[in-house]
Amino acid sequence: MTEAPQVKDAPATAADASFAEIAQRRRGRIRRYFYKHPRAMDAVVVLCYVLLALPTIIPSAIDGKWLVVAILLLIATALIFRRRFPLQVVLAVGLLEIAATILNPWGSNVSAGLWFALYALASLRGRGMSLVVFVAASLPLSLLYLFMWTSPSEMDNLQDVPENFHLINNIATAVTIMLSNLLATGIGISVRQRREHEAEIAAWAARTTQLGKVTERNRIAREMHDVVAHSLTVMISLSDGAAVVVKKDPERAGEVLSELSRTGRAALADMRRVLGVLRDDSGRPAPLTPLESGHNLSKLLEGFRTAGLPLHYAHTGPGLPADPAFELTVYRIVQESLTNVLRYGRSLSRVDVQVARDGDLVTIDVFDDGRGTREGGGESVGSLGTGQGIAGMNERAGIYAGIVTAGPSKRGGWAVHAELRWNGDKGES
């Protein structure tokens, strides 16, 4: 009694398509065929009903009871439309079954048409409606056998038949009709619930895929912001410095230009890596660690010193966790903080970077003693700001149950404080 639901729309997303393919494979070859060819399923249902009713059709035709034959054929024809008009077909088949029973009480077709009709209704409509219609369609036929008919005439000629045999037989027939119809309805309800479950899983997969795309876009945006904002800020500062010292100290200007070239090449490599995600359909690659991409924290600090920042660095406690993603988060937070100092800081005499680890807690502090504004102005380096840096640092820290705060320092200047929690390697010392 496997029904093939009408497929109205193609899968909307790749996740829907993937789940649909899995569901198709689980159905098996025969069920997949009938799922794709619902008309073939209609033909099988009609054929099954005709075979069940054949022991009634043939004797009725021999006895000239053509009305019974016509009613049974009408029931078979109505079953073709059970998926398109399930409720109407149940009502029509129920009435036709009663008519056929009145004309030929003990035919082999008793309630067979209702099995298919009730199953189709239950697989396409709600459970409440299906149960109500089951009772409404089954009860009249059951009562008809329970109160109005005696056993077939052949039974009257049998000897040793109990006095209450007719009543027992009628009760058994009525109960059988109710139970068989209830079974057909229950199977239909079960099929419908399974389809709803599959639809919910497909919708969940689609939402998860969409969320993954949004998360990946945000990640790429953060990476692009960090790469472009830091690199351009440092490169502009180096260019300005080289222009100032090129005549007074050519050797120093050469060092500045070398750092400028290195920063540009590193930025280009980072941008290629980030943009490579957009071209890779096989999945998101693991982010490169600072060491793998040609950077580490000491080189980062040295680059800012070359750009003119009076940097002082201190690390207390054990080393950072040996996790590429965690190392990259620390690297980016320090990078963004120093980039902001380079953009907006004025009259700087000291910039401190302090990284400390105490058990699972890693703290990062970057503060300076200068003055400046968040907006910058004119053609200064500050005009490169987008206002997304602090938000991006908070998003990165949030991955490790952390937070980033930034604001004016009590000692003057600007201060950034970040806290990250690492729970990935309890055994690390």
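Residues numbered from 1 in each chain as written. Predicted model: local features only at pLDDT ≥ 70, side-chain atom pairs only at ≥ 80, totals over all residues. Heavy atoms only, no water.

The protein chain appears in an unreviewed UniProt entry as histidine kinase from Paenarthrobacter nitroguajacolicus. For the protein chain, the Catalytic activity (unreviewed entry) comment in UniProt is given as "ATP + protein L-histidine = ADP + protein N-phospho-L-histidine." (UniProt positions renumbered as here; feature names shortened; annotations may be inferred.)

Things to note about helix 5 (residues 86–103)
Along an α-helix, residues three or four apart share an orientation, since each turn contains 3.6 residues. End to end, helix 5 covers 26 Å across 18 residues, agreeing with the expected 26 Å (1.5 Å per residue, within 8%). Every buried residue of helix 5 is listed here: Pro86, Val89, Val90, Val93, Gly94, Leu96, Glu97, Ala100 and Thr101. Against helix 3 (38–62), helix 4 (66–78), helix 6 (112–124) and helix 7 (127–147) lie the buried residues of helix 5. (Helix = DSSP H or I, 4+ residues; strand = E, 2+ residues; numbered from the N terminus. Expected span 1.5 Å × (residues − 1). Buried < 20%, exposed > 50% of the residue type's maximum accessible area, 1.4 Å probe, protein only. Contact = heavy atoms within 4.5 Å.)

Concerning the packing of helix 11 (residues 324–344) against helix 12 (residues 389–398)
Two numbers describe how helix 11 lies on helix 12: the axes approach to 10 Å, and their chain directions differ by 165°. The orientation of helix 11 with respect to helix 12, classified from their angle, is roughly antiparallel. You can see that helix 11 and helix 12 cross each other, and the crossing is left-handed. Contacts between helix 11 and helix 12 involve Thr329, Arg332, Ile333, Glu336 and Ser337 from the first element and Gly389, Met393 and Arg396 from the second. Residue composition of the contact of helix 11 with helix 12, by class: two nonpolar, three polar and three charged. (Axes fitted to C-alpha atoms, helices over the stretch in contact; angles between N-to-C directions. Parallel < 35°, antiparallel > 145°, perpendicular 65-115°, else oblique. Left-handed = near helix turned anticlockwise from the far one by under 90°. Nonpolar A, V, L, I, M, F, W, Y, C, P; charged D, E, K, R; others polar.)

Here we look at the sheet that holds strand 2 (residues 351–358)
Strand order in the open sheet made by the five strands is 1-2-3-5-4, with mixed pairing throughout. Looking at which strands have only one partner, the edges of the open sheet turn out to be strand 1 (311–316) and strand 4 (403–408). The average angle at which neighbouring strand axes cross in this sheet is 10°, direction not considered. Relative to strand 5 (residues 414–421), strand 4 is paired through six bridges, and the arrangement is antiparallel. Bridge pairing in strand 5 places valine 404 opposite alanine 418. Relative to strand 1, helix 10 (residues 297–306) is tilted by about 160°, and along the sheet it contacts strand 1 and strand 2. (Pairing = 2+ DSSP bridges.)

What to know about the pairing of strand 5
Inspection of the sheet shows strand 3 (residues 361–368) paired to strand 5 by seven bridges, in the antiparallel sense. Looking at strand 5, one finds that aspartate 365 is bridged to histidine 417. The loop that links strand 4 with its antiparallel partner strand 5 comprises five residues; one of these, glycine 412, has a positive phi angle of about 90°.

Examining helix 11
Taking 1.5 Å of rise per residue, the 21 residues of helix 11 would be expected to cover 30 Å, and the 30 Å separating its terminal C-alpha atoms lies within 8% of that figure. The buried count for helix 11 comes to 18 of 21 residues, which makes it a mostly enclosed element.

Here we look at the packing of aromatic side chains
This structure, assessed with the given rule, holds three aromatic pairs. On the numbers, 5.4 Å between centres and 65° between planes, the contact of phenylalanine 326 with tryptophan 422 is edge-to-face. One end of the pair, phenylalanine 326, is in helix 11; the other, tryptophan 422, is in the segment after strand 5, with 96 residues separating them in the sequence. The burial state of phenylalanine 326 is the same as that of tryptophan 422; both residues are buried. Aromatic rings pair up to connect Phe326, Tyr400 and Trp422 into one cluster. (Phe/Tyr/Trp six-rings, centres within 6.5 Å; stacked < 30°, edge-to-face > 60°.)

A few points about the packing of helix 10 against helix 11
Packing of helix 10 against helix 11 brings their axes to within 11 Å, and their N-to-C directions diverge by 5°. One way to sum up the angle between helix 10 and helix 11 is to call them roughly parallel. Judged by residue contacts, Leu297, Leu300, Leu301 and Phe304 of helix 10 engage Tyr331, Val334, Gln335, Leu338, Thr339 and Leu342 from helix 11. The residue makeup of the contact of helix 10 with helix 11, split by class, is eight nonpolar, two polar and no charged.

Some thoughts on the pairing of strand 1
The pairing of strand 1 with strand 2 spans six bridges and is classified as parallel. Note that in strand 2 the partner of alanine 314 across the bridge is glutamine 354. A crossover links strand 1 with its parallel partner strand 2, the connecting element being helix 11, and its sense is left-handed. (Right-handed = clockwise from strand over helix to strand, strands pointing away.)

Focus on unusual backbone geometry
For alanine 401, which is not glycine, the phi dihedral falls at a positive 50°. Within the secondary structure, alanine 401 sits in the loop between helix 12 and strand 4.

Here's the deal with the UniProt feature "transmembrane region" (unreviewed entry) in the protein chain
UniProt records the feature "transmembrane region" (unreviewed entry) at residues 40–58, 64–81, 86–103, 131–151 and 171–191, using the numbering of this structure. Each end of residues 64–81 is marked by a C-alpha atom, and these two atoms are 29 Å apart; helix forms 72% of the span and strand 0%. A helix fraction of 100% and a strand fraction of 0% characterise residues 86–103, whose end C-alpha atoms lie 26 Å from each other.

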